[in-house]
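An overview of the molecular structure
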Amino acid sequence: MILSHDRILTTHVGSLPRGEALSDLLIRREEGEAVDKRQLADEMDRAVRRVVEKQAEAGIDIGNDGEQQRVGFQTYIPQRMSGFGGQSKRRRSRDHEEFPQLGEMLMRRFPKRSRMQNAPEARDELAYPDASAITGEVERLQRCARPLAAFAECFMTAPSPGIISTTMLNAYYDSQEAYLSAIAREMRNEYFAIHRAGLILQIDSPDLAMDRAMFYQDLTDAQFVAAAEMHVAALNQAIDGIPRDRVRLHCCWGNWDGPHIHDFPLERILPVLYQANVGGLSIEFSNPRHQHEYQALRLNPLPEHMVLLPGVIDSTTNIVEHPEVVARRLQEAVAVTGDRERVIASTDCGFGTFTNREWVIEPAVWLKLKSLHEGADLASIRLWGRSFG
């Protein structure tokens, strides 16, 4: 994983807006409809080229394919892993249970969307028999990025065993721990395919914070911490053999525009995140519920082997952050870590977490990423004492 040796580098969490044609094909495929494979491949080619170009124009140093090839950040897994069927009855967040108006607003705003609460459940022994899909994703990204020399480094996302287990619920294994272990065993195929291709592997693991208010909302805080430790152990099992400096972990409280009054404090979960055998932590710090959370890093200092990827851009609002705001947030991140080289500017979460459920209009996304770059340059001028072109 490259460091911010000469200036604060920029990246983002992964998903970027998809066009209507591609979104329609992805949702139809998820629903089991037959789609024209050539048409889908062509749309993916166009979409990946486009987001690579847009990221490069905005000044992103460490980029990806924008998850254009997936219907959702984790719900695509049953298309690659056998053993799933039927529908899960995934519990909604406490935000949605306590504020029914939020659900009503979502139905009006996103009438046609991918399967988030009703993804398949595990009904048989899991198996990931064919890595051609992930190999194809990686090859498409590299094919689109290489001619442009777009990025200093590329990354590819993949969901954690934990978030797979709490989205595609268990209806087969004897325990949650056994289910996590089976997922970890099979997801190694995807994780290692990304690593062997030379890309940074980003593990998306909102389960380590968000699921306190969803899947594990009936537990005590101590019980949730124990469950999160079990999730991290499964992740470590899955990535065993990949150097930790080639893996970064994303943790968040859920990418929706809601009250978030039941979000679990970062201070309580940070020591668990440090148990992950990864080289970087991506954590949201810019939304109004978590802008104060740098205090958790003062109480639990970042391990020396880890890089911090603080979210300095909110992924749920159309307000474009001023570069000065970004710079100040990055300066605070550097102050709390004590090392400017171990900070990489990022976003709170993805902008296209699920197909056809984008909170931010597309033009604002690119403006936000441009502001991310400009703010990182401002912070770099102050931290290194020289200008950057």
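That block above? That's the structure.
Now for a quick tour of the structure. (Residues numbered from 1 in each chain as written. Predicted model: local features only at pLDDT ≥ 70, side-chain atom pairs only at ≥ 80, totals over all residues. Heavy atoms only, no water.)

**Remarks on the overall build of the chain**
Check the secondary structure of the chain and you find twelve helices and ten strands. Overall size of the chain, expressed as C-alpha extent along the three principal axes, is 60 × 50 × 45 Å. By residue count, 61% of the 389 residues in the chain fall in the buried class. Taking contacts inside the chain between residues at least 6 apart in sequence as the whole, the part at least 24 apart equals 83%. Carbon and sulfur atoms make up 49% of the accessible area of the chain, which amounts to about 14,900 Å² in all. Each charge class in the chain can be summarised by its mean position, and for the 45 positive and 55 negative side chains these summaries are 3 Å apart. (Helix = DSSP H or I, 4+ residues; strand = E, 2+ residues; numbered from the N terminus. Buried < 20%, exposed > 50% of the residue type's maximum accessible area, 1.4 Å probe, protein only. Contact = heavy atoms within 4.5 Å. Areas by Shrake-Rupley, 256 points an atom, 1.4 Å probe, with all protein chains shown as cover. Lys, Arg positive; Asp, Glu negative; His and termini not counted. Charge placed at Lys NZ, Arg CZ, Asp CG, Glu CD.)

**Observations regarding the packing of helix 7 (residues 176-196) against helix 8 (residues 221-239)**
Between two packed helices, the angle of one axis relative to the other and the distance separating the axes together describe the packing. Direction vectors running N to C along helix 7 and helix 8 enclose 35 degrees, while the axes themselves pass 8 Å from each other. Between helix 7 and helix 8 the crossing geometry is right-handed. From helix 7, Gln176, Glu177, Leu180, Ser181, Ala184, Arg185, Arg188, Tyr191 and Phe192 reach across to helix 8, where they touch Met230, His231, Ala234, Gln237, Ala238 and Ile239. By residue class, the composition of the contact of helix 7 with helix 8 is eight nonpolar, four polar and three charged. (Axes fitted to C-alpha atoms, helices over the stretch in contact; angles between N-to-C directions. Left-handed = near helix turned anticlockwise from the far one by under 90°. Nonpolar A, V, L, I, M, F, W, Y, C, P; charged D, E, K, R; others polar.)

**Some words on the pattern of salt bridges**
As enumerated under the stated definition, the model contains 26 salt bridges in all. Here Glu97 makes a salt bridge to Arg91, at a shortest N to O gap of 3.3 Å. A relative accessible area of 44% means that Glu97 is categorised as partly exposed. When its relative accessible area of 32% is taken as the criterion, Arg91 is described as partly exposed. The salt bridge partner of Arg298 is Glu332, with a shortest N-O separation of 3.9 Å. Placement of the pair is Arg298 in helix 10 (residues 294-299) and Glu332 in helix 11 (residues 323-337), with a sequence separation of 34 residues. We classify Arg298 as partly exposed; its relative accessible area is 43%. One network of salt bridges, with partners in common, ties together Arg70, Arg80, Glu137 and Glu190. (Salt bridge = Lys/Arg side-chain N within 4 Å of Asp/Glu carboxyl O.)

**Considerations on the state of the cysteines**
Enumeration over the complete set of coordinates arrives at zero disulfides. The cysteine Cys144 is free of any disulfide, with Cys154 supplying the nearest cysteine sulfur at 10 Å. This cysteine, Cys251, is not joined by any disulfide, and Cys252 carries the nearest cysteine sulfur, 6.6 Å off. Using a relative accessible area of 1% as the deciding quantity, one classes Cys251 as buried. (Disulfide = S-S within 2.5 Å.)

**Quick notes on unusual backbone geometry**
Its identity as a non-glycine residue notwithstanding, Glu67 has a phi of 55 degrees, on the positive side. Counting through the fold element by element, Glu67 comes out in the loop between strand 2 (62-63) and strand 3 (82-85). Of note, Ala149 is a non-glycine position whose phi angle comes to about 45 degrees, a positive value. Following the sequence through the fold, Ala149 ends up in the loop between helix 5 (132-145) and strand 5 (153-159). Here Ala149 falls in the exposed class, since its relative accessible area comes to 65%.

**A look at the packing of helix 2 (residues 37-58) against helix 5**
It is at 9 Å that the axes of helix 2 and helix 5 come closest, and there the two elements cross at 50 degrees. Compared by their axis directions, helix 2 and helix 5 come out oblique. Taken as a pair, helix 2 and helix 5 cross one another with a handedness that is right-handed. On helix 5, the residues that touch Ala41, Met44, Asp45, Val48, Arg49 and Val52 of helix 2 are Arg140, Leu141, Arg143, Cys144 and Ala145. When its residues are assigned to classes, the contact of helix 2 with helix 5 shows seven nonpolar, no polar and four charged. (Parallel < 35°, antiparallel > 145°, perpendicular 65-115°, else oblique.)

**A few points about helix 8**
For an α-helix, the turn length of 3.6 residues means that residues three or four places apart are oriented alike. The end-to-end C-alpha distance of helix 8, which contains 19 residues, comes to 27 Å, matching closely the 27 Å that a straight helix rising 1.5 Å per residue would cover. Listed in full, the buried residues belonging to helix 8 are Phe224, Val225, Ala227, Ala228, His231, Val232, Ala234, Leu235, Asn236, Ala238 and Ile239. Structurally, helix 8 contributes buried residues whose contacts are with helix 6 (161-167), helix 7, strand 6 (200-204), strand 7 (247-251) and helix 9 (266-273). Of the residues one or two after helix 8, Gly241 is the one with positive phi, at around 110 degrees. (Expected span 1.5 Å × (residues − 1).)

**Some points on helix 9**
Residues of helix 9 that are buried include every one of Leu266, Ile269, Leu270, Val272 and Leu273, and no others. Looking down the long axis of helix 9, one finds its buried residues gathered within 160 degrees of arc, a one-sided arrangement. (Arc of directions from axis to C-beta.)

**Focus on the nonpolar core**
If you look at the biggest cluster of nonpolar residues, it comprises 114 residues, and the most contacted ones within it are Leu273 and Leu281. Here the element with the most residues in this core is helix 7; it accounts for ten residues. Among the nonpolar cores identified, the runner-up in size contains eight residues, and Met1, Ile200, Val307 and Ile344 belong to it. (Core = buried A, V, L, I, M, F, W, Y, C linked by side-chain atoms within 4.5 Å.)

**Some details on the side chain of Thr10**
Structurally, Thr10 can be placed in strand 1 (residues 9-10). Contact partners of Thr10, with chain neighbours within four places excluded, come to Gly59, Ile60, Asp61, Ile62, Ile344, Ala345, Leu372, His373 and Ala376.

**Let's talk about the sheet that holds strand 5**
Strand order in the open sheet made by the six strands is 2-5-6-7-8-9, with parallel pairing throughout. With one partner strand each, in any of the chains shown, strand 2 and strand 9 (307-311) form the two edges of the open sheet. In this structure, strand 7 lies alongside strand 8 (residues 280-284), joined through four bridges in parallel fashion. In the strand pairing of strand 8, Leu249 is matched with Leu281. In the packing of helix 7 onto the sheet, the strands contacted are strand 5 and strand 6, and the crossing angle to strand 5 comes to about 175 degrees. (Pairing = 2+ DSSP bridges.)

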